[in-house]
Amino acid sequence: MSGGPAITLKSQPIGSNSGNAAAAQQQQSANDAASGSSSQAASGAAGSTGTPAQEGTRQNSLQRIQQRKQKVFNLPEAQKLAKLSMYSACQFEGCRCTGWKTPQENRHRDVESSYCPEFTEECRNASCCHPLRSHIAHLTEISRASMDDLLGAIIDMENLFMSMQRVEDEDTKKVYLYLFRLLRQCVLTRQQAVIRGPLGDPPFESPCITKAVSSLVFYKYSHLNQTELQTMTEVAKTFLNFLNHYNFESPSARRADSTQTHEDASTYKINYTRWLVFCHVPAFCNSLRQFETSLVFGRTLLRTVFQSMSQQLKKKCVSERDRFPEDKRSIITQMPKFLEALRGELLKDDSPIWDPNYRPPNSFVMQQRKRHQEVNSMAAGASSSNIVSGVKRSIAGEPQHKRPKKDTVDRVSSENSDDLPTEVVLRAMNAVMESKTTNKAEILFPVNVSRDENVKAEEQKRAIEFHVVGNSLTKPVDKQTILWLLGLQLVFAHQLPEMPREYISQLVFDTKHKTLALIKENQPIGGICFRPFPSQGFTEIVFCAVTMAEQVKGYGTHLMNHLKDYSIQRGIKHLLTFADCDAIGYFKKQGFSKDIKLARPVYAGYIKEYDSATLMHCELHPSIVNTQFIAVIRNQSEILKELIAQRHNEVQKVRAGLTCFKEGLPSIPVESIPGLREIGWKPQMRPARASRPLEESSDPEKLATSFASVLQSVRQHTTAWPFLRPVTAAEVPDYYDHIKYPMDLKTMGERLKRGYYQNRRLFMADMARIFSNCRFYNSPDTEYYRCANSLERYFQTKMRELGLWDK
Ligand code: ACO
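Residues numbered from 1 in each chain as written. Predicted model: local features only at pLDDT ≥ 70, side-chain atom pairs only at ≥ 80, totals over all residues. Heavy atoms only, no water.

A.B. asks: Any chance you could explain unusual backbone geometry here in plain terms?
C.D. replies: The bulk of non-glycine residues show a negative phi, and the bulk of peptide bonds are trans. For the bond from proline 202 to proline 203, the omega torsion is -5°, close enough to zero to count as cis. A cis amide bond, omega 0°, links serine 206 with the succeeding residue proline 207. Considering the arrangement of structural elements, one finds proline 207 in the loop between α7 (170-189) and α8 (209-221). Even without glycine at this site, cysteine 129 takes up a positive phi of about 60°. The exposure class assigned to cysteine 129 is partly exposed, which follows from its relative accessible area of 37%. The phi dihedral of asparagine 522 falls on the positive side, at around 60°, and the residue is not glycine. Tracing the chain through its elements places asparagine 522 in the loop between β2 (514-520) and β3 (523-533). For asparagine 522, a relative accessible area of 44% translates into the label partly exposed. (Helix = DSSP H or I, 4+ residues; strand = E, 2+ residues; numbered from the N terminus. Buried < 20%, exposed > 50% of the residue type's maximum accessible area, 1.4 Å probe, protein only.)

Dropping the structure here:
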């Protein structure tokens, strides 16, 4: 979940200073501070604190930072190099100066505006005195993009420096100082800033707040009607949005709270530091990787801030009520009820919404998916042509007032698409069910039951269990977990004899790694050790094994399916592994491929690379429940077989011959021949002459004018913005890895001018390509996807208006 109406709070004034004089001073002070000259830093700070703090909204601060960056990126190269020289080590052999210092007389001139020192000017630092050139000798060859990255990091660093001067809280100051130094080091060494250390890696708790809040919506409100449920979903989104922009109190401000134990205080301090480092500061300093608060924190943090946060949110709702559009007011009115429900679940230790394995009831998920599909298929304006969609339409359907009369549905499905009539599919489903329940012998002694079914039956009886376990340095680890981790370490060591034992222990007990354990009679008999990289959107599988005696029983498959579901629930869409030569077959059967669809920069440097192993990739589909997938496919294939059998019976049926000709009739309509329709014959539907598409009745010029008018209207539509021009690899680096036949409205305009669209099929195909590319590359919850659906509908309407559409 993301988005929701934007109720935000004023943020701490990071980077709200952007004036040129201030920037000059800032750059000088940060430079001095970076080189360890604390007294100079203090004097720079005195200057900056003298300026009244600009209380802007978060958005304003962000904008100002972006504007300043853009201005620096647009400077002439000499000026950029001068700016860089101030944070770059002198290349003169033996010189230890870490940044060129402006000569005394120019100290207050700003290199971000008109001042551009000569490259021959000497550094003010008495121990250096080398010309500016010696500080940039190693930078002149770097690409423009790398130069801008470095400059961006420098601006972030200067902003951090200013914030550090302004902030009074000592804990916060220390964090800013730490990040400032980190960025300073990265600029010096020209490396990407990566935060490592005792804070651990996000996510810090499972389930995350977003997941628990979604579960709350399922858990508490699934009985509501669609509109009410939609409102509660919006309320939940608004809450998450507020949390993601919420400014947490510093630990010192909370010390006054007498109910807080010593342990609470130290846990809060850790979480506050994590929030600053991973969520808050990176929102302003984009050289640091940013994470959403609601995606990386869980119940512990929410419990500590809930009371004050919910009070502020309620107040905000009251004060902003009138600014909310009329149709969204229900979000405001429902907010207190939602907050009360969430508070209840936060306090309950056994609340299911905080169980990492909580899943909404299947029926609810099905219902939601069906609704989602209906919305999508309505949006796409096309009827799906597979059996499954036929089944879904017939079983639940839309609300009565929206549903066309039943006979219309059937006629539409049987005449206008290749769908089978609903009753036929239902009959087949019933036949399959019946054959299962009547064939008792097979139920008692299943002969052809797949391994997957056996494993699932064992899981249902709790003969086997799956748990995700891992070590922790910040939370107590229970004895059971330690015992399982030790057992898993042995399983991996036995099954992967090539791996050094110490290496296995190191990773299994490493806090960044987790292991999905398969437990039988309280002993681990298999597992997958993995490391999630949520920021990169993939999980690395490090070890995967099942004990010898339990192999080839389906456990390996079910383990992998659990890992896939676990990953999907956490928003991860890719699994990567270096598979041993012998295991490539197994991974292929689990949907992995040697064809890596992820761009290398996404995983290079993150995943551990092994010699003599093969990198394999599996893309996860967010709407597939992998642990159910095999059963669903099997059911569908049984229904399909039954349908084929029924059709077969129809085809085989011998009907009485026609007698009408003997009785004197010269001819009869083809469709009146008994049995013809039953075996799938359909009358050729030719559109009536008047409504025949333009292309058959019109000259090419008229056609081109019509296309130009449609194209013009489409271009001007509010949802056309993503499709106006080609996607560039600079904007979306992996776009062309996935999209082989790109198309956009500009290219269509050019093709139209060149006379490429000789018929409407060509025109429609290019337009359809735009929408299908978009839906292929983007997920359904994105703005792009919605734009594609909406623009497609508009395009069809326009085509219809001009008589260029068949139906
Ligand atoms: N090569 C080819 N196919 C295999 C292999 C293999 N090494 N192992 C299993 N399969 C096949 C099975 O025959 C089965 O196919 P089928 O359904 O068509 O009959 C399918 O893969 C899945 O079988 P499961 O019973 O679900 O898997 P199992 O419980 O045997 O677990 C595992 C598979 C984990 C690979 C197990 O055999 C094992 O522990 N092997 C030794 C350790 C190992 O090689 N681990 C992988 C190293 S790479 C890494 O860890 C990143």
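Still more ground to cover, so stick around.
A.B. asks: Can you help me understand the pairing of β2 in this one?
C.D. replies: Most of β2 is tucked away, with six of its seven residues classed as buried. With six bridges joining them, strand β1 (residues 464-469) and β2 adopt antiparallel strand pairing. Its bridge partner lying in β2, histidine 467 is registered against alanine 517. Across seven bridges, the pairing between β2 and β3 is antiparallel. Its bridge partner being in β3, isoleucine 519 is matched across the sheet by proline 524. (Pairing = 2+ DSSP bridges.)

A.B. asks: Sorry if this is basic, but what is going on with the nonpolar core here?
C.D. replies: One broad rule of soluble globular proteins: the nonpolar side chains tend to lie buried together. Judged by nonpolar contacts, the single largest core of 92 residues is most densely connected at Leu179, Phe239, Phe248, Leu288, Leu302, Phe338 and Leu342. Top contributing element to this core by residue count: helix α6 (residues 144-166), with 11 residues. Once residues within four sequence positions are removed from consideration, leucine 342 is found in contact with Val213, Leu216, Phe239, Leu302, Phe306 and Ile353. Membership of the second largest hydrophobic core comes to 28 residues, among which are Ala493, Ile504, Ala545 and Leu598. (Core = buried A, V, L, I, M, F, W, Y, C linked by side-chain atoms within 4.5 Å. Contact = heavy atoms within 4.5 Å.)

A.B. asks: Help me understand the side chain of serine 134 in this model?
C.D. replies: By the secondary structure assignment, serine 134 is in helix α5 (residues 133-136). Judged by its relative accessible area of 9%, serine 134 falls in the buried class. A polar atom in the side chain of serine 134 sits 2.6 Å from the backbone oxygen of proline 131. Excluding anything up to four places from it in sequence, serine 134 contacts Ala89, Cys90, Gln91 and Phe92. (Polar contact = N/O pair within 3.5 Å; in protein donor to acceptor, adjacent residues only side chain to side chain.)

A.B. asks: Before we go on, may I ask you to explain the site of the ligand in this structure?
C.D. replies: Neighbouring residues of the ligand: 25 residues in total, closest Arg451, Cys544, Val552, Thr557 and Asp582. A distance of 2.7 Å separates a nitrogen atom of the ligand from a polar backbone atom of cysteine 544. Within the side chain of glutamine 551, one N or O atom sits 3.3 Å away from an oxygen atom of the ligand. Relative to its unbound accessible area of 940 Å², the ligand is 79% covered by the protein chains. The set of elements that each furnish at least two residues to the shell around the ligand consists of β4 (538-546), α23 (555-569), β5 (574-580) and α24 (584-589). For the shell around the ligand, the class distribution of residues is 12 nonpolar, eight polar and five charged. (Near = heavy atom within 4 Å. Areas by Shrake-Rupley, 256 points an atom, 1.4 Å probe, with all protein chains shown as cover. Nonpolar A, V, L, I, M, F, W, Y, C, P; charged D, E, K, R; others polar.)

On their own, these measurements won't tell you what the molecule is for.
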